[in-house]
Amino acid sequence: MQNVTRLFDFPYYQLEKYNLEKSLVTKYDGEWIATSTKEYVDSANKISRALLRLGIQKDDKIAVISSTNRTEWNIMDIGILQLGAQNIPIYPTISAEEYEYVLNHSESIYCFVSDSEVFEKVKKVLKTTQLKEVYSFDKIEGCKHYSELFELGEDDSNQPEVQKRMDAVLPSDLATIIYTSGTTGKPKGVMLSHDNITSNAISGTKRLPVEGKGVRILSFLPICHIFERLLIYVYQNAGATVYFAEGLDKIGDNAKEIKPNLMSVVPRLLEKVFDKIMAKGAELTGIKKKLFYWAVGIAEQWEPYGNNGPLYGLKLSIANKLIFSKWREALGGELHTMVSGSAALQPRLGRIFGAAGMQVMEGYGLTETSPVVSVGMYANKMYKVGSVGKAIDDVEIKIADDGEILIKGPNVMMGYYKDEERTNAVMTGDYFHTGDKGEVDREGFLKITGRKKEMFKTSGGKYVIPTLLENELKQSRFIEQVMVVGEGEKMPAAIIQPNFEFVREWLAKQKNITNASADEIATSQDVIDLIQKKVDKCNAGFGKWERIKVFRLTKDAWTPEAGHLTPTMKMKRSVIKEMYMNLYNDMYGRS
């Protein structure tokens, strides 16, 4: 087979090199059902033949919306792309109105949905879109089942036409439009070519610590986001078996069942995992409790490559045997690497999980860069705590005079769909302006220092980078979310969402207050005093002008559904500020 240059080449490459009995595995009715590489390719060809019979032309757009990652999504992806059409993935959790916008803006003519919840939202806007038909992966009354396409594509007499379409697809052709979950305004449609993503996947594979038959991956981050989608191509390229988790709430159970070697994560998930570990530790008594906290203290000092010295190594081996082995067992016992993206990872968590034998390789990228710009790798001393690794092959990182990170490479997007003005605004020649600020050290490691647009100036003319304060504060288990504000104000302040579950447990144990409501937590003087101590500790590491002088607690949880966060868990700063304008005004002494 020739080199992989188009996205649909990956399963064919896997078929030739690895020919897996288990390529993609999804759980149905309590049983893991494996699809071999050959079945994967054959099924994709049936979809292609059926789509041809439905009249799909080159550059037609087909939307796919799935609540969970599953084998069907990948079969549809390849079946669509082989015809020179484009797969338009849509976040399942956005509103019906947002579905309508993306479906219309992309001009999608068919839509594939995973379940009844997604179908109901699509149904609400069906008449105001160009959709000819909706198909579902689950069997839903009133919706065509996608198995009808297998029946339509069973006859292989038009396979030569499929092959002709495949041969005509160029690496430079558009493969997908991914609508970013923008923190402000309407989402932008990022156009990515086959070459954008395949070049990124091939370079990314070189940073993968595992390869070949027998390697198990647990996939649960939304495949509609380019981060997880790219990794699925990487895993296919590396010959690994991908298991699709049943959902975020089932990750622990699924990990115990399949014993993954590797999985991708976002920092928020690791924070929640660690919170649960610490909660269990707090329930221990006597010597077991002392050992637990001793081990955590050892982990917090961890440095890679044995740089702590032999005495530390001895202590770590004891901590591993007594404590960390149980942590690993809770995730299947064979997990050794996690790839983290989407947001900044607390260095403390990188150390703790690294010490526990589950190294977190932090990466950096954007949808517009397909997405990987840089990523760590434990081998060859290409890992450093607190950095997002080194640039992958063929990608160039340039730091502008104002500290902004600029990216050049084959992974940089084709542009924003139907928006030349916005495209031109983020490009200078071949360089893409990320909007992030960072620095590259002497060894080539990239460190993200903040978001250019999020940095603000107080009325005293001093600059504040809110993300640095926020990341420091979020190391406290009592704080779930925090947004630092103060643009044009005399001082920085913070709007904080407490970790209601953890605070509730603390109140029950320390203050004998049981089942405290969110309202009671947000107004409790005990809780306010406790979080004030966390703020004071955070402030000690910052200049006087950067320190948070006042804060307020919110009475509700910040979620994508409530509008506080994007589907990728990034804060919608302007929305949050507007939601809590009463708290904002109160902090700055306005009525």
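Up top you'll find the structure we're talking about.
Every chain is numbered independently, its residues counted from 1 as its sequence is written. Confidence filtering applies because this is a predicted model: local features only for residues at pLDDT of at least 70, side-chain atom pairs given and counted only at 80 or more, and all residues used for totals across whole chains, interfaces and linings. Excluded from the side-chain calculations are hydrogens and water; all other atoms, namely the structure's heavy atoms, are used.

(A) Quick look at the nonpolar core. Nonpolar cores were defined as sets of buried Ala, Val, Leu, Ile, Met, Phe, Trp, Tyr and Cys residues, with membership established by side-chain atoms within 4.5 Å. Here the term buried applies to any residue with accessible area under 20% of the maximum for its type, exposed to any over 50%, and partly exposed to those in between, with areas from a 1.4 Å probe on protein chains only. The biggest cluster of nonpolar side chains holds 119 residues, and the ones touching the most others in it are Phe112, Tyr235, Phe324 and Trp327. Helix numbers and strand numbers start at the N terminus; a helix is a DSSP run of H or I with at least 4 residues, a strand a run of E with at least 2. With nine residues, the top contributor of residues to this core is helix H9 (residues 226–238). Ile479, Val535, Ile548 and Leu553 belong to the second-largest nonpolar core, a separate cluster that totals 27 residues.

(B) Here's a closer look at the side chain of arginine 70. Relative to the assigned elements, arginine 70 resides in the loop between strand E3 (61–65) and helix H3 (71–81). For arginine 70, a relative accessible area of 8% puts it in the buried group. Only 3.1 Å separates the side chain of arginine 70 from the side chain of glutamate 72, close enough to count as a polar contact. The term polar contact refers here to a pair of N or O atoms within 3.5 Å; inside protein, the definition further demands a hydrogen-donor-capable atom paired with an acceptor-capable atom, and it admits residues adjacent in sequence only when both atoms are side-chain atoms.

(C) Looking closely at unusual backbone geometry. Going from serine 370 to proline 371, the amide bond is cis rather than trans, its omega being -10°. By the element assignment, proline 371 lies in the loop between strand E14 (359–365) and strand E15 (372–375). Backbone geometry places serine 370, a non-glycine residue, at a positive phi of 70°. Summarising the element assignment, serine 370 is placed in the loop between E14 and E15. At lysine 381, a position not held by glycine, the phi torsion is positive, near 55°.

(D) How the structure looks around the packing of helix H4 (residues 96–106) against helix H5 (residues 116–125). Inter-axis angles, ranging from 0 to 180 degrees, are taken between N-to-C directions of lines fitted to C-alpha atoms, where helices are fitted over the stretch in contact. The N-to-C vectors of H4 and H5 enclose an angle of 65°; their axes lie 9 Å apart at closest approach. The angle between H4 and H5 falls in the class roughly perpendicular. Crossing of H4 against H5: the hand is right-handed. On H5, the residues touching Ala96, Tyr99, Glu100 and Leu103 of H4 are Val118, Lys121, Val122, Lys124 and Val125. Angle categories are assigned with fixed cut-offs, so that under 35 degrees is roughly parallel, over 145 is roughly antiparallel, 65 to 115 is roughly perpendicular, and the rest are oblique. Take the far helix as your reference; a near helix turned counterclockwise from it by less than a right angle gives a left-handed crossing, and one turned clockwise gives a right-handed crossing. Residue contacts are counted whenever heavy atoms from the two residues lie within 4.5 Å of one another.

(E) Seen up close, the pattern of salt bridges. The salt bridge definition used is simple: a Lys or Arg side-chain nitrogen within 4 Å of an Asp or Glu carboxyl oxygen. This structure, assessed with the given rule, holds 29 salt bridges. Here arginine 268 ties to glutamate 271 by a salt bridge, and the two come within 2.0 Å at their closest N and O atoms. A residue pair is termed a helical-turn pair when its members lie 3 or 4 positions apart in one helix, as arginine 268 and glutamate 271 do in helix H11 (residues 267–283) at three residues. Lysine 272 serves as the salt-bridge partner of glutamate 480, at 3.0 Å between the closest nitrogen and oxygen. With glutamate 480 in strand E25 (residues 479–485) and lysine 272 in helix H11, this pair connects stretches of sequence that are 208 residues apart.

(F) Examining the state of the cysteines more closely. The term disulfide is used for any two cysteine sulfur atoms that are within 2.5 Å. Tallying each qualifying case throughout the model produces zero disulfides. No disulfide involves cysteine 111; its sulfur sits 8.7 Å from that of cysteine 143, the nearest cysteine. The class of cysteine 111 is buried, set by a relative accessible area of 0%.

(G) Looking closely at the sheet that holds strand E26 (residues 493–498). Strand pairing follows a simple DSSP-based rule, namely that at least 2 bridges must link the two strands. Pairing is mixed in the open sheet, where three strands are placed in the order E25-E26-E27. In this open sheet, the two strands that pair with only one neighbour each are E25 and strand E27 (550–553). Across the sheet, the mean angle from the axis of one strand to that of its neighbour is 25°, orientation sign disregarded. Taken together, the four bridges between E26 and E27 define a ladder with parallel strand orientation.

(H) Main features of the sheet that holds strand E11 (residues 241–244). As summarised here, the arrangement of the nine strands in space is E2-E1-E11-E10-E12-E13-E14-E15-E16, forming an open sheet in which the pairing is mixed. On the outer flanks of this sheet lie strand E2 (31–35) and strand E16 (390–391), each paired with one strand and no other. Pairing of strand E12 (residues 262–265) with strand E13 (residues 337–340), which is carried by four bridges, proceeds in the parallel orientation. Across the sheet, residue serine 264 finds its bridge partner in E13, namely valine 339.

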